[in-house]
Amino acid sequence: MKEAEEIGSSRRMNSLTLNRHTEILEILEIPQLMDTCVRNGYYEEALELAAYVKRLERKHSTLPVIQGIVREVRQSTSLMLNQLLQQLRSNSQLPVCLRVIGYLRRMDVFTEAELRVKFLQARGSWLSSILAAVPNDDPYFHITKTMEACRVHLFDVITQYRAIFSDDDPLPGSQVNEAAIFHGWVVKMVSEFLQTLERDLQRGVGGRLDSLLGQCMYFGLSFSRVGADFRGQLAPMFQRSAAETFRGAVSEALERFQEDMNVYTLISMPSVLGGSIPPQQGPQPGTLQPPLSLLDFTPLACFLNNILSAFNDLRLCCPVGLAEEVSVCLQDAMANVTRQVLLFHRAEESAFSAREKDLFLSFCCSYAEDLLPFINRCLQILFPPNQIALILGVPVSQLHRFGSLGNIDIAAILTPLSFLLPQIEIAPEEIQLPEISSDIDISPELSGLTLETQRQEVQTQQQEVETQQQEVETQQQEVETKQQEVETKQQEVETHQQEVETKQQEVELSKETGKSDSEDQDEDFSLE
């Protein structure tokens, strides 16, 4: 009897199962259907299945079959979450981002603050992959392309964030400042860009520092619209870069000067360079003419050429804040030049002839009277005293109290050479160079200051003058020959005129003789 009841109960259960076969089969196929929807991107249907499984779990959480279904559905849900986050890590436009954030909110796996963080992290990861793909061989190309990518894509991310999330109305009961999340992420991205800029500036961008500064300033200005204007942090970076570049150029100039002095010999040079150049017209207003007397001394001329090249590079990006640093650098460089001159004198003094002593004295005088004052003039053009005094709020006459600001101390540099130079007392007011107007345009003044070019021009001019003199002498000889020919022709003309006059007289005489004969004949006819 008991066995019969069990058989009957089993039969009823089988009958019920058979009647509900379709519904049971649908429930058992939910994990497979969920996986298919996720893998094919049907996230709307997948979310509906996940919501249905949650309701089943609440009703029948004790059933092993339901527990297995819930476990498999959770695995598919985790796969869908990864796929949605991966879409945020790709080049997704605003509609896609809105749809993905909507799915994530319906999944209810993140709080609102966590959702914002996940969105910014995913978009930041995509932007970092874009920046990592920029070629890193050329520093200038790398930083310009990085800047362009940041300007375009970073603003896209900011636009997407502001369209999806709102920081104006904080969520009720939230302990997190949502606005601080966004601001912190923007600051992080700007800091990474500034670090990249610092690295590329240290690697060197050549003579394109001014162009790069203009692009960075425009980039920083555009970021002011999102409250992240970082232009104030650019000035120290570019100032350090310009100073490092200038120091490197001056150091290289000193090394070349030392090499030139090691092989330099005091010989009487042919008088075709600086010493015998005929006086030319004074420089045009607003121009700067290097002293041509330095052409007689190759080490000084080459050293000045290298310093002028450093000045030309510096003027492209020359903040006033570099005035003291550049002046101190040149002060040390000139002190090293003075030491090199003293070492040359100590090494060669015992073998100096009278002629070589005179040449070395001329060398020192040209260094003291031409090279150093000219460098001071260049410094005052790069850093106008009027502008420095205006920034400091003091008169121009009081700038000397602030130390080396736009000039070098010539007296201190020449102190070790005082026993070699003629005794000339330099009054303190004479050390201060005259003021140079800040209205002078530096570009035409320093761009062509090279003594090598002037030396070639002088030699070419002298050759042209000699050629012209020869041509003039030849023309004078030709003129004299022509004058002689003209005189000869004049004599011939005078002789010819005399002959003509003689012939005219003969003709007149012949006419008179013919008339007298005709009268005689008439008289004879009348007598007859």
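Analysis parameters
Residues numbered from 1 in each chain as written. Predicted model: local features only at pLDDT ≥ 70, side-chain atom pairs only at ≥ 80, totals over all residues. Heavy atoms only, no water. Salt bridge = Lys/Arg side-chain N within 4 Å of Asp/Glu carboxyl O. Helix = DSSP H or I, 4+ residues; strand = E, 2+ residues; numbered from the N terminus. Buried < 20%, exposed > 50% of the residue type's maximum accessible area, 1.4 Å probe, protein only. Core = buried A, V, L, I, M, F, W, Y, C linked by side-chain atoms within 4.5 Å. Contact = heavy atoms within 4.5 Å. Axes fitted to C-alpha atoms, helices over the stretch in contact; angles between N-to-C directions. Parallel < 35°, antiparallel > 145°, perpendicular 65-115°, else oblique. Nonpolar A, V, L, I, M, F, W, Y, C, P; charged D, E, K, R; others polar. Left-handed = near helix turned anticlockwise from the far one by under 90°. Expected span 1.5 Å × (residues − 1). Arc of directions from axis to C-beta. pLDDT = per-residue confidence, 0-100.

Novice: Describe the pattern of salt bridges, and please don't skip the residues or the numbers.
Specialist: The full count for this structure, using the stated rule, is 13 salt bridges. E112 serves as the salt-bridge partner of R116, at 3.7 Å between the closest nitrogen and oxygen. Taken as a pair, R116 and E112 lie in helix α7 (residues 112–132) at a separation of four residues, close to a single helical turn. Assessed through its relative accessible area of 3%, R116 is described here as buried. When salt bridges with common partners are traced through the structure, they connect R105, E112 and R116 into a single cluster.

Novice: Which residues make up the nonpolar core, and what values do they have?
Specialist: Core analysis: the biggest nonpolar cluster contains 130 residues, and L104, L212, F223, F311, L330, M334 and Y367 have the highest contact counts within it. Examining the composition of this core, we find that 15 residues originate from one element, helix α14 (residues 354–382), more than from any other.

Novice: If you had to explain the side chain of H142 to someone new, which residues and values would you point to?
Specialist: Counting through the fold element by element, H142 comes out in helix α8 (residues 139–164). Discounting chain neighbours no more than four positions away, the residues touching H142 are V134, P135, N136, T196 and D200.

Novice: Break down the packing of helix α12 (residues 298–314) against helix α13 (residues 323–348) for me, citing the residues and quoting the values.
Specialist: It is the contact of α12 with α13, at a shortest axis distance of 13 Å, that shows an interaxial angle of 170°. The orientation of α12 relative to α13 falls into the category roughly antiparallel. The residues of α13 that touch α12, namely those facing F303, I307, F311 and L314, are V326, L330, M334 and V337. Grouping the constituent residues of the contact of α12 with α13 by class yields eight nonpolar, no polar and no charged.

Novice: Describe the packing of α7 against helix α9 (residues 178–203), and please don't skip the residues or the numbers.
Specialist: Two quantities define a packed helix pair, namely the angle between the helix axes and the distance between the axes. Relative to each other, α7 and α9 sit at 15°, their axes nearing to 10 Å. Regarding the angle of α7 to α9, the classification is roughly parallel. For α7 against α9, the interelement crossing comes out right-handed. Contact with α7, carried on its side by A113, R116, V117, L120, G124 and L127, involves E178, I181, F182, W185 and M189 of α9 and no other residues of that element. When its residues are assigned to classes, the contact of α7 with α9 shows eight nonpolar, one polar and two charged.

Novice: Explain the environment of S90 to me, using residue names and the numbers behind them.
Specialist: For S90, the location among the structural elements is in the loop between α5 (64–88) and α6 (94–107). For S90, a relative accessible area of 31% translates into the label partly exposed. Ignoring anything within four residues of it in the chain, the contact list for S90 reads R123 and W126.

Novice: Which residues make up α6, and what values go with them?
Specialist: In this model, α6 (14 residues) spans 20 Å end to end at C-alpha, consistent with the 20 Å of a helix rising 1.5 Å per residue. C97, V100, I101, Y103, L104 and M107 are the residues of α6 that are buried. The buried residues of α6 occupy an angular sector of 155° when the element is viewed end-on, so they sit on one face. Residues of α6 that are buried make contact with α4 (43–59), α5, α7 and α8. One or two steps after α6, the chain reaches D108, where phi turns positive at roughly 55°.

Novice: Please set out α4 residue by residue, giving values where relevant.
Specialist: Across its 17 residues, α4 extends 25 Å between first and last C-alpha, which sits within 8% of the 24 Å expected from 1.5 Å per residue. Every buried residue of α4 is accounted for by Y43, A46, L47, L49, A50, V53 and L56.

Novice: Pulling in residues and values, what's your account of the confidence of the model for the chain?
Specialist: Across the chain, the average pLDDT comes to 80, with 82% of residues at 70 or higher. Low pLDDT, under 50, characterises residues 270–286; the stretch is placed with 19 contacts to residues that sit more than four places away or in other chains. Counting interchain partners and residues more than four positions distant, the pLDDT-below-50 stretch residues 523–528 has zero contacts.

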